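Spelled out from the first residue to the last, the chains are:
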Amino acid sequence: MISNNLPDVKPEDLKQKPIERAETIPSSWYHSQAMFELEKEALFSSFWQLAGHESELAEAGDMHTLEVAENPLLLVRDQQDQINAFYNVCKHRGGPVAVKKGTTSVLQCQYHGWTYLLDGSLRGVPQFRKVDLFDKKDFGLEPVTKQNWEGLLFVSLDDDIQPISQFLDGIADQIAPIDISEFQFVEEQSYIINCNWKVYVDNFLEGYHIPIVHPELANLLDYREYKTDTSDWYSLQHSPFQDGDNLYKSDNGKAYYYYIFPNMMLNILPGRLQTNIIRPISPGTTEVIFKYYYKNPDDTEMIRDDIEYSDEIQQEDIEICELVQKGLKSKAYDKGRFSVEREQGVYHFQTLLKQELAKTLPIKQD
Ligand code: FES
Ligand SMILES: [Fe+2]
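*Asks:* Explain the overall build of the protein chain to me, please; I cannot follow it from the model alone.
*Replies:* Each helix and strand in the protein chain was counted, giving 8 helices and 17 strands. Against the compact-globule benchmark of 21 Å for 366 residues, the protein chain has a radius of gyration of 22 Å, which places it among compact chains. In terms of overall dimensions, the protein chain has a C-alpha envelope of 70 × 55 × 35 Å along the principal axes. Nonlocal contacts in the protein chain, meaning residues at least 24 apart in sequence, comprise 63% of its contacts between residues at least 6 apart. When the accessible surface of the protein chain is split by element, carbon and sulfur atoms take 47% of a total near 17700 Å². Counting 35 positive and 59 negative side-chain charges, the protein chain places the averaged centre of each group 7 Å from the other.

*Asks:* I would appreciate a short explanation of the pattern of salt bridges in the present structure.
*Replies:* When their charged atoms lie close together, side chains carrying opposite charge are able to pair. Inspection of the entire model under this criterion finds 18 salt bridges. When the shortest N-O distance is used, the salt bridge between Glu-225 and Lys-227 registers 3.4 Å. The class for Glu-225 is partly exposed, based on a relative accessible area of 38%. Given the relative accessible area of 39%, Lys-227 is considered partly exposed.

*Asks:* How should the nonpolar core be read in this particular structure?
*Replies:* Most often, soluble globular proteins keep nonpolar side chains buried together rather than apart. Counting residues in each nonpolar core, the largest one holds 95 residues, and the members touching the most others are Trp-149, Phe-154, Val-155, Tyr-200, Tyr-258, Leu-266 and Leu-357. Here this core spans two domains, since at least three of its residues come from each of domain 1 (11–46 + 176–360) and domain 2 (49–156). Filtering out sequence-adjacent residues up to four positions away, Trp-149 remains in contact with Phe-154, Ile-164, Ser-165, Leu-168, Ile-171, Ala-172, Ile-180 and Leu-266. Formed by 15 residues, the second largest nonpolar core is a distinct cluster that contains Met-63, Val-76, Val-97 and Trp-114.

*Asks:* Could you clarify how one ought to interpret the domain arrangement of the protein chain in this entry?
*Replies:* Often the size quoted for an interface is simply the accessible area lost on bringing the parts together. Domain boundaries in the protein chain define domain 1 (11–46 + 176–360) and domain 2 (49–156). Just the C-alpha atoms count here: the centres of domain 1 and domain 2 sit 31 Å apart. Taken together, the contact pairs 21 residues of domain 1 with 20 residues of domain 2. Both faces considered, domain 1 and domain 2 share a buried interface measuring about 1600 Å² in area, 56% of it formed by carbon and sulfur atoms. A salt bridge links Lys-291 to Glu-56; its shortest N-O distance comes to 2.6 Å. In this structure, the connection of domain 1 to domain 2 is made through 8 residue pairs in polar contact (both at pLDDT 80 or more). At the level of elements, helix H1 (33–44), strand E11 (184–193), strand E15 (264–269), strand E16 (272–282) and strand E17 (285–294) are the ones that each hand at least two residues to the side of domain 1 that touches domain 2. Ranked by the residues each element gives to the side of domain 1 that touches domain 2, the list is headed by E16, at 4 residues. Here the residues of the side of domain 1 that touches domain 2 sort into 10 nonpolar, 6 polar and 5 charged.

*Asks:* Teacher, can you tell me more about the sheet that holds E11 here?
*Replies:* Hydrogen bonds along the backbone pair up the strands of a sheet, which may run parallel or antiparallel. Spatially, 7 strands are ordered E11-E17-E16-E15-E14-E13-E12 in an open sheet, and the strand pairing comes out antiparallel. For this open sheet the edge positions go to E11 and strand E12 (227–230), each flanked by a neighbour on one side alone. Averaged over all adjacent pairs, the angle separating strand axes in this sheet is 15°, with direction ignored. Relative to E17, E11 runs antiparallel, the two sharing 9 bridges. From the neighbouring strand, Ile-192 faces E17, where its bridge partner is Glu-287.

What counts and how
Residues numbered from 1 in each chain as written. Chains lettered and ligands numbered in written order. Predicted model: local features only at pLDDT ≥ 70, side-chain atom pairs only at ≥ 80, totals over all residues. Heavy atoms only, no water. Helix = DSSP H or I, 4+ residues; strand = E, 2+ residues; numbered from the N terminus. Rg over C-alpha atoms; globule rule 2.2 N^0.38 Å. Contact = heavy atoms within 4.5 Å. Areas by Shrake-Rupley, 256 points an atom, 1.4 Å probe, with all protein chains shown as cover. Lys, Arg positive; Asp, Glu negative; His and termini not counted. Charge placed at Lys NZ, Arg CZ, Asp CG, Glu CD. Salt bridge = Lys/Arg side-chain N within 4 Å of Asp/Glu carboxyl O. Buried < 20%, exposed > 50% of the residue type's maximum accessible area, 1.4 Å probe, protein only. Core = buried A, V, L, I, M, F, W, Y, C linked by side-chain atoms within 4.5 Å. Domains from an automatic or database assignment. Buried area = accessible area lost by both parts, 1.4 Å probe. Polar contact = N/O pair within 3.5 Å; in protein donor to acceptor, adjacent residues only side chain to side chain. Nonpolar A, V, L, I, M, F, W, Y, C, P; charged D, E, K, R; others polar. Pairing = 2+ DSSP bridges. Axes fitted to C-alpha atoms, helices over the stretch in contact; angles between N-to-C directions.

Put into structure tokens, the structure is as follows:
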């Protein structure tokens, strides 16, 4: 359902033009509350959302929570070895049945203690014997659509969505022989950033800023060979490493930076997958969740170096994103232009964004 308070979007703002002539999206989209609400419906409630990797739920009873478009959700592996996804909402009066991460044999509501089995069925209902016309079968946890792709777990609030394999078509072949389903979860980090979620996504989607914002990374990658390829629902930035010793050199591999519409990233380096989930909190605040998975989780030295290095790069990105958010909000700025050589990824994202908003907004296109 679309909110009544629609953002002020002009038909020309949704017009698609070739990158050579295209403008960036209007700056108001980066701080408008109405746009934030519209995106919740048109994007975050309508597309797949990355919910983790099966290695995070290795044993029966392992569970963790997440939030999608302000809906609390949980994933749990049951005794039949099935991974289930539910709304983390008790059918009594809406309490949470799971808190964060853990291992459990039943899900117990944190409010009045109703208990649910790991398949979502309601089991224990204290002090409810005098209640009439109450059948526990009608009060199981609400399931959420979920799919597994190469070991990664995706959920969607839209039951009619096309399969995740269609969205990600081609990726498994591109990264072969890397098989991310073999990787093991090692660590999670969360960053709260004072910028709109799209500022972070835009920034991720170009290597244009690397020489200025990340001079050290520029020495690691062969920037001249840095390329962006776009697909229907994802884009790929890839680059060979420079010659010489570096953290990732041992496999002589490449760096693949995938972006999946609207807010997910898979950063694949030899032996390592880092996922980023960009979770909007408010128009000007975003949580970025990094999860690290490794083929060889016992290589603690490499893992420590990798995580430390990623954190340094992330701090540089946070600093520039927060300054850009201020710039976009200033009176001085409305729309910019794209580098045809270096900003195809940003253009691709903003093209999809306009396309999806146009489907939802009651604006006549000419
Ligand atoms: S809200 Fe869950 S037991 Fe009351
Ligand atoms: Fe960056």
